[in-house]
Amino acid sequence: MIHGVYTDVAALGSAPAGEVRVRGYVRTSRFNAHVGFIELNDGTQFYGAQVVCDLDTRPGLAAAAKYATGSSLDVAGELVFTPEARQPFEIRAASVTLVGDCDADYPMQKKRHTLEFMREMPHLRVRTNTFSALFRVRNCVSMAIHEYLQSEGFMWVATPILTGNDAEGAGETFGVTADSSAGDGGFFGKPASLTVSGQLHVEPFALAFDRAYTFGPTFRAENSNTTTHAAEFWMVEPELSYADLEDDMEVMEGLVRFVTGRVLERCPDETAFFNDRIDETHTLTARLAKTRDTDFRRMTYTEAVELLEKSGRDFKYPVKWGLDLKTEHERYLCEEVAQSPLFLTDYPKDIKAFYMRLNPDGKTVAACDLLVPGVGELIGGSQREERYGELIRRMNEVGIPVESLSWYADLRRFGSVPHAGFGLGLERFLLYVTAIGNIRDTLPYARTPGNMVF
Ligand code: 4AD
Ligand code: MG
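Colleague: Is there a simple way to explain the overall build of the protein in this structure?
Modeller: Regarding its fold elements, the protein presents 12 helices and 18 strands. Taking the contacts inside the protein whose residues are at least 6 apart along the sequence as the reference set, 67% of them involve residues at least 24 apart. On the protein, roughly 21,400 Å² of surface is accessible, and the fraction owed to carbon and sulfur atoms is 52%. Counting 47 positive and 64 negative side-chain charges, the protein places the centres of these two groups 3 Å from one another.

This is the structure in structure tokens:
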């Protein structure tokens, strides 16, 4: 049995002093005639374990001096706590066994590489400080999302990735074909694509289970080469019954604040690293604590447009009531005006999707975006149009064939209830909590226009 006798580096801090056995990769090592130090990292926590080789008492350990950065080792020795030293514990090696040697052209050497350089090597960058921290935070955020929604009574359902609908009506879908079996109308007898959003498929679950959410990969063929758009990204989409936009925003805020708190609590070394080494202003930790502890600001789209018009700023894109806001406008509003996460509500109906509930003014819909500093839009959500007649009118207005979504409209005929939901982009959230500047560095294997490294 290979497992069993080993301890993760993350568990060493709370293990009893004494004999231990660990495995990991050499980050660095330095040896002189009497003693050698190997920094061994196994990815289970930010800091590795320091392995000390006392060559005076165990001359055989001198062979370890030639184990290169990147090679994998199996180390047995004595765990010793060293509260007075920089590292809280070390392993005094009894044996150091080479598991897998590392060629000299291993690209992740000690010297710092740019994120762009490492982007070309997604299979190796995960062993570096930055990406190992990032993906541990990604894991923490994903689990905290489930934890929060489960505790709030949401049932998880995985809606399909292959779909016959384009939920957002934006037409930016990846088509799916199965050439070998394409008969008339292809594999499914009708066009199929990769989902852009699970919303339409999760609404029936909310209307059967009171509260439900889908959390999985979504795909958009937007040809926008920005730092916040990916072609494949993960989205969590909660949907709640007997709810209006206000109830919806309460869940959004609760979720963002809870998950931010979990990151601070469960990933303190990672957060400190991002604060010190990635965030240029070194204020990340303070910003996250404020997000966790402070109510979010709110304003209507109409108020936001007035503020933008009065700002005196020379924006690249025009600002006018009725036009959609661009990232530059969103970032001005949350970074300079609100200096906090900011809900914008009640957008003009013509720049939003057909399923959003029309407000009594007849011009705006009960929709909101949550904007956060450093990123822009983190969440898009709305109260849904639960009135059958209004929904059909709106579909006709925007040119969506009612037959194609008759099942969706049915929900408004068979015991319709007011309901609302939202979608939060996991990678945008990671940009926010790590201060990493590019969405390509938050995905295990990023897919963006013109780019798919294996
Ligand atoms: O605002 P969006 O398009 O909303 C929807 O898809 C709704 N159906 C959600 C719902 O109400 N259930 O997308 C939601 C979020 C955005 O706020 C953003 O965080 C993220 O998904 N997102 C992207 N993230 C990365 N790359 C992209 N290309 C993204 N497009 C949207
Ligand atoms: Mg949106």
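Colleague: Would you explain the packing of helix H3 (residues 129-151) against helix H12 (residues 426-434) in this entry?
Modeller: Relative placement of two packed helices is described by the angle separating their axes and the distance separating the axes. Where H3 contacts H12, the axes come no closer than 10 Å and their chain directions differ by 120 degrees. By the angle class used here, H3 and H12 are oblique. For the pair H3 and H12, the sense of crossing is right-handed. Packed against H3, whose contacting residues are Leu134, Val137, Arg138, Val141, Ser142 and Ile145, the element H12 presents Leu426, Glu427, Phe429, Leu430, Val433 and Thr434 at the interface. Residues of the contact of H3 with H12, tallied by class, amount to eight nonpolar, two polar and two charged.

Colleague: I keep staring at the pattern of salt bridges and nothing clicks. Help me out?
Modeller: Oppositely charged side chains may form a pair once their charged atoms are brought near each other. Counted according to the given criterion, the structure contains 28 salt bridges. As a salt-bridge pair, Arg384 and Glu239 come within 2.8 Å of each other at their nearest N and O atoms. Of this pair, Arg384 sits in the loop between strand E15 (376-383) and helix H10 (388-398) while Glu239 is found in strand E11 (residues 232-241), placing the two residues 145 residues apart along the sequence. Of the two residues, Arg384 and Glu239, neither departs from the other in class, the shared state being buried. Through salt bridges that share partners, Glu147, Arg262, Glu265 and Arg266 make up one connected network.

Colleague: In this structure, what is going on with the packing of helix H5 (residues 245-266) against helix H7 (residues 284-293)? I would like to understand it.
Modeller: One can describe the packing of H5 onto H7 by two numbers: an axis separation of 8 Å at closest approach and a directional angle of 140 degrees. With respect to H7, the axis of H5 lies oblique. The interaxial crossing formed by H5 with H7 has left-handed handedness. Taken together, the residues of H7 that come into contact with H5 (itself represented by Val256, Arg257, Thr260, Gly261 and Leu264) are Thr285, Leu288, Ala289, Thr291, Arg292 and Asp293. Each residue belonging to the contact of H5 with H7 can be placed in one class, and the counts come to four nonpolar, four polar and three charged.

Colleague: What's the story with a nonpolar patch on the surface in this structure? I'm lost.
Modeller: Taken together, the side chains of Met155, Phe205 and Phe209 present a nonpolar region at the surface, about 240 Å² in accessible area. Classification of Phe205 as partly exposed rests on a relative accessible area of 31%.

Colleague: What am I meant to see in unusual backbone geometry here?
Modeller: A negative phi angle is the norm for most residues apart from glycine, just as the trans form is the norm for most peptide bonds. Of note in this structure, Asp210 is not a glycine but carries a positive phi near 75 degrees. Along the chain, Asp210 turns up in the loop between helix H4 (199-209) and strand E10 (211-219). At His282, a residue that is not glycine, the phi angle is positive and equals roughly 55 degrees. Looking at the secondary structure, you find His282 in the loop between helix H6 (268-278) and H7.

Colleague: Can you help me understand the pairing of strand E4 (residues 72-81) in this one?
Modeller: Across a regular strand the side chains alternate sides, sitting on one face of the sheet and then on the other. With seven of 10 residues buried, E4 lies mostly within the body of the structure. One ladder, built from eight bridges, connects strand E1 (residues 18-31) with E4; its direction is antiparallel. Within E4, the residue paired with Val22 across the bridge is Val75. In the sheet, E4 pairs with strand E5 (residues 89-100) via 10 bridges, with the strands oriented antiparallel.

Colleague: Please clarify how the sheet that holds E4 should be interpreted in this entry.
Modeller: Backbone-to-backbone hydrogen bonds pair the strands of a sheet. The strands run either parallel or antiparallel. The strand order E1-E2-E3-E5-E4 describes a closed barrel built from five strands, whose pairing is mixed. Strand after strand, the sheet turns through a mean of 55 degrees between neighbouring axes, direction not considered. With six bridges connecting them, strand E2 (residues 35-41) and strand E3 (residues 49-54) associate as antiparallel partners. Bridge pairing in E3 links Glu39 to Gln50.

Colleague: Just to check I follow, could you spell out the layout of surface pockets for this structure?
Modeller: It is the rolling of a water-molecule-sized probe over the atoms that shows where space remains empty. What the second largest pocket holds in volume is close to 1,300 Å³. Elements that contribute at least two residues to the lining of the second largest pocket include exactly helix H1 (9-12), E1, E2, helix H2 (115-119), H3 and H6.

Colleague: How do you make sense of H5 when you look at a structure like this?
Modeller: Along an α-helix, residues three or four apart share an orientation, since each turn contains 3.6 residues. Counted at 1.5 Å a residue, the expected span for H5 with its 22 residues is 32 Å, and the 31 Å between its end C-alpha atoms agrees. One side-chain oxygen at the N-terminal end of H5 lies 3.1 Å from the backbone nitrogen of Glu246; it belongs to Asp244.

Colleague: I keep staring at the packing of aromatic side chains and nothing clicks. Help me out?
Modeller: Both the distance between ring centres and the angle between the ring planes are used here to describe each pair of aromatic rings. Considering all chains together, one arrives at 16 aromatic pairs under this definition. Here the aromatic rings of Phe187 and Phe188 are separated by 4.9 Å at their centres, their planes lie at 75 degrees, and the arrangement is edge-to-face. Taking the relative accessible area as the measure of exposure, Phe187 reaches 54% and is therefore exposed. Measuring from centroid to centroid gives 5.7 Å for Phe315 and Tyr332, while their planes differ by 75 degrees, and the two rings are edge-to-face. Remark: Tyr332 occurs in helix H9 (residues 327-338) and Phe315 occurs in the loop between helix H8 (301-310) and H9; sequence separation between them is 17 residues. Residue class for Tyr332 comes out buried when judged on its relative accessible area of 13%. Grouping aromatic residues by their ring pairs yields a cluster made of Phe46, Tyr47, Phe273 and Phe274. Taking NZ or CZ as reference, Arg412 lies 4.2 Å from the ring centre of Tyr408, over its face.

Colleague: Which parts of the structure should I look at to understand empty space enclosed by the protein?
Modeller: Overall, the coordinates contain one cavity of 30 Å³ or more when judged by the stated rule. Considering only enclosed or pocket space, the largest cavity measures out at about 70 Å³ in volume. Along the lines of polarity and charge, the residues of the lining of the largest cavity split into four nonpolar, one polar and three charged.

Rules and cut-offs
- Residues numbered from 1 in each chain as written.
- Chains lettered and ligands numbered in written order.
- Predicted model: local features only at pLDDT ≥ 70, side-chain atom pairs only at ≥ 80, totals over all residues.
- Heavy atoms only, no water.
- Helix = DSSP H or I, 4+ residues; strand = E, 2+ residues; numbered from the N terminus.
- Contact = heavy atoms within 4.5 Å.
- Areas by Shrake-Rupley, 256 points an atom, 1.4 Å probe, with all protein chains shown as cover.
- Lys, Arg positive; Asp, Glu negative; His and termini not counted.
- Charge placed at Lys NZ, Arg CZ, Asp CG, Glu CD.
- Axes fitted to C-alpha atoms, helices over the stretch in contact; angles between N-to-C directions.
- Parallel < 35°, antiparallel > 145°, perpendicular 65-115°, else oblique.
- Left-handed = near helix turned anticlockwise from the far one by under 90°.
- Nonpolar A, V, L, I, M, F, W, Y, C, P; charged D, E, K, R; others polar.
- Salt bridge = Lys/Arg side-chain N within 4 Å of Asp/Glu carboxyl O.
- Buried < 20%, exposed > 50% of the residue type's maximum accessible area, 1.4 Å probe, protein only.
- Patch = residues over 30% accessible without salt bridge, like charges linked within 9 Å, V, L, I, M, F, W, Y side chains within 5 Å.
- Pairing = 2+ DSSP bridges.
- 1 Å grid on protein atoms, 1.4 Å probe; cavity = no way out; pocket = protein on both sides within 12 Å on 5 of 7 lines; lining within 4 Å.
- Points joined across faces, edges and corners; volume = space filled by probe spheres on them.
- Expected span 1.5 Å × (residues − 1).
- Polar contact = N/O pair within 3.5 Å; in protein donor to acceptor, adjacent residues only side chain to side chain.
- Phe/Tyr/Trp six-rings, centres within 6.5 Å; stacked < 30°, edge-to-face > 60°.
- Lys NZ or Arg CZ within 6 Å of the ring centre and 35° of its normal.

What is shown is where atoms sit, not what they do.
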